[in-house]
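Residue-level structure breakdown
These are the residues of each chain, in order.
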2 protein chains.
Amino acid sequence: MGKRYTIALDAMGGDHGPDVVVPAAFGALAESTDVDLVLVGNEPAIDAALRLVSSASDPRISILHASQSVEMDDSPSQVLRSKQDSSMRVAIDLVRDGKADACVSAGNTGALMAMARFVLKTLPGIDRPAIISELPTAKGHTHVLDLGANVESTSRHLFEFAVMGSELVSAVDDIERPKVGLLNVGQEGIKGNERVKEAARLLASSNLHYIGFVEGDDIYAGTVDVVVCDGFVGNVALKSSEGVARMISGLMREEFGRSLSSRVAGLLARPVLRRLAGRMDPRSYNGASFVGLRGIVIKSHGRADVVAFKRAIMEAVAEIRKNVPERISERIASVLLEKEAV
Amino acid sequence: MGKRYTIALDAMGGDHGPDVVVPAAFGALAESTDVDLVLVGNEPAIDAALRLVSSASDPRISILHASQSVEMDDSPSQVLRSKQDSSMRVAIDLVRDGKADACVSAGNTGALMAMARFVLKTLPGIDRPAIISELPTAKGHTHVLDLGANVESTSRHLFEFAVMGSELVSAVDDIERPKVGLLNVGQEGIKGNERVKEAARLLASSNLHYIGFVEGDDIYAGTVDVVVCDGFVGNVALKSSEGVARMISGLMREEFGRSLSSRVAGLLARPVLRRLAGRMDPRSYNGASFVGLRGIVIKSHGRADVVAFKRAIMEAVAEIRKNVPERISERIASVLLEKEAV
């Protein structure tokens, strides 16, 4: 019998809780025969959702009751203090105790990061964990970090993000030396603030495949495999992009509804526009990773539906199989040794 | 005879120089009978471009020769030191000397800001000028600043940006109290870095119509009339947005070209897609203002075509008519007095 993996799912997180998490769990199991899932949360609620999907119980799914839930407006400090039996916390505890190989939650990002950091701790040599996610590009996809774990990053932090991002992409995308770019307001060396300039110096003298500064539009041009930035900047870039895409799709709906002939054109264009939407479907990119921790924690979008949440579970599966935290740990150790040797 | 206004155009700036600036100048004159234009730059080159557009000379257009041009890769410090007879510098000098009421350039942004600041100086009470531009939203448009003049802003700078942005929008959009939002990574008060939190406190106790934190997607949702942010963040948000829009339009072209039926659908959808493109046409938003200076300086996109450059000239016309620098100066003085009174 081959090795089996266990993933803990925070069944109460996100806008839909078990109604999305449970069917997504079945979807993920159908694709990965070597995975078991622990649904953590309110047992009766999970039970009810399970019965809706399947009359027979699946031996690969177990329930672990947790008496509390983390709410979207709970502050990280509140949650750390008073939500020790929340579904989110219990799911993370399972990872710490070696009873799960990863956990996935669609809950409050700040709370999840605070708990994950408190419970799992950061990897040796990593000062700040970061949030990394895949994004669509004109050519395929890229990865961007940090997307909001840190609202104030030093050049050293940016350097750590680059090491972690490069290693994660190398693992999950099977690229030996991913191209790394540092997000800046221009490509010339004189552009940017001191933190970015100093991070560029650190990266240029490292053994990463660092190609230099990139700008906001390079993210979607697919210029590099990994885009590195401060969490404040990354979060704003991501949300602005979502905003533009939403505006375009709203205006398109308006324009295609403006007259009879426009509506007919819209009807005929529908298959094309569906393919287009499919290529940028945010559900295909759902599941951001918290990198830099001693364990795998995947954050799903709070509004994720079944397809999207299943994608987040599959991200966890991929990272477990590729041993991402260990690879990052080894990489950062080698980078630190290299520095000491200089 | 009514009052006449003069605008100095840097005829050598941007990718196309006089070939775009000259026809755009004629376009602007056709719309504004009370405006005269000074084309600054290489006289033979401007002359040649003028003759291409019109055989007769227009008394409202004059040429002022300048022996140098600022290149896109010139650094601000180089330009300050050694390009004192550049078209850009001479155009700004005309504003300083009261011979022009505004200047417009499509040249190197960093050089233009450095020169404008050096020659014109900032308004009393303003520590840092900023770059503000109109952007399309789902509902109409909004204004965002800073878009890249400052890569490191204190809370005090963010506050100044808010005052300047609010006053400019009040003037050009005729809104008595524009809604101002501060760009952050979340809407809750606990989110963000210290600079943003402190700026929020300053704004909340001011007499601006401050509505609180907004996120990246609020820019394009049109939640507020003025979005305030650090220049690094604003620049990345703007360029990321441009990148997404470009990716979508590229993928759309690909999908509409995929098969015969898709091409037919594309043909039928063309008028609709043209209307859509028209509503987001970056040319209709060309012309960013440098606010906080003792004079009006408008920066056109370097790749601007005739339509876009004309829009930048019209932005200058609007700001001259509304006396924007004076209004900002009065507003900042009243804000400072108010603070002292507390």
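Procedures and definitions
- Residues numbered from 1 in each chain as written.
- Chains lettered and ligands numbered in written order.
- Predicted model: local features only at pLDDT ≥ 70, side-chain atom pairs only at ≥ 80, totals over all residues.
- Heavy atoms only, no water.
- Pairing = 2+ DSSP bridges.
- Helix = DSSP H or I, 4+ residues; strand = E, 2+ residues; numbered from the N terminus.
- Axes fitted to C-alpha atoms, helices over the stretch in contact; angles between N-to-C directions.
- pLDDT = per-residue confidence, 0-100.
- Buried < 20%, exposed > 50% of the residue type's maximum accessible area, 1.4 Å probe, protein only.
- Contact = heavy atoms within 4.5 Å.
- Polar contact = N/O pair within 3.5 Å; in protein donor to acceptor, adjacent residues only side chain to side chain.
- Expected span 1.5 Å × (residues − 1).
- Bend = angle between axes of the 7 residues up to and from the residue.

Turning next to the sheet that holds strand β2 (residues 35-41) of chain B. Residue and element names in this part refer to chain B. Overall, mixed pairing links the eleven strands, which are arranged β3-β2-β1-β4-β11-β10-β5-β6-β9-β7-β8 in an open sheet. At either margin of the open sheet sits one strand with a lone partner, and together these are β3 (61-65) and β8 (209-214). Strand-to-strand, the axes of this sheet are offset by a mean angle of 25 degrees, without reference to chain direction. Pairing between strand β1 (residues 5-10) and strand β4 (residues 102-105): three bridges, direction parallel. Each residue of the ladder has a partner; that of I7, found in β4, is A102.

With that settled, the discussion passes to the confidence of the model for chain A. Any region with low pLDDT has predicted coordinates that should not be read closely. Averaged over every residue, the pLDDT of chain A is 94; the share at 70 or more is 99%. Interface confidence in the predicted complex, given as ipTM, is 0.91; pTM for the same model is 0.93.

Residue and element names in this part refer to chain B. Along the chain, D74 turns up in the loop between β3 and α3 (76-82). Relative accessible area serves as the criterion here: at 14%, D74 is assigned to the buried category. Along the sequence, D74 and K322 sit 248 residues apart, while their C-alpha atoms lie 33 Å from each other. Among residues more than four places away in sequence, those in contact with D74 are S69, V79, K83 and N108. Within the structure, the side chain of D74 is placed 2.9 Å from the backbone nitrogen of E71, a separation counted as a polar contact.

Right, let's talk about helix α10 (residues 260-280) of chain B for a bit. Here α10 of chain B contains 21 residues, and its C-alpha end-to-end distance of 28 Å stays within 8% of the 30 Å for a straight helix at 1.5 Å per residue. Of all the bends found along α10 of chain B, the most pronounced is centred on A269 of chain B and spans about 55 degrees, while P271 of chain B, a proline, follows it within four residues. Inspection of α10 of chain B places S262, A265, G266, A269, V272, L273, L276 and M280 of chain B among the buried residues, and these make up the whole buried set. In the core, the buried residues of α10 of chain B are packed alongside α9 (231-256) and α10 (260-280) of chain A together with α9 (231-256) of chain B.

Attention now goes to the sheet that holds strand β3 (residues 61-65) of chain A. Residues and elements named next belong to chain A. The eleven strands are arranged β3-β2-β1-β4-β11-β10-β5-β6-β9-β7-β8 in an open sheet whose pairing can be described as mixed. Edge positions in the open sheet fall to β3 and β8 (209-214), since each of these has one partner strand only. For this sheet the average axis-to-axis angle between neighbouring strands, irrespective of direction, equals 25 degrees. Across five bridges, the pairing between strand β5 (residues 130-136) and strand β6 (residues 141-145) is antiparallel. When the bridges of β6 are listed, L135 appears paired with T142.

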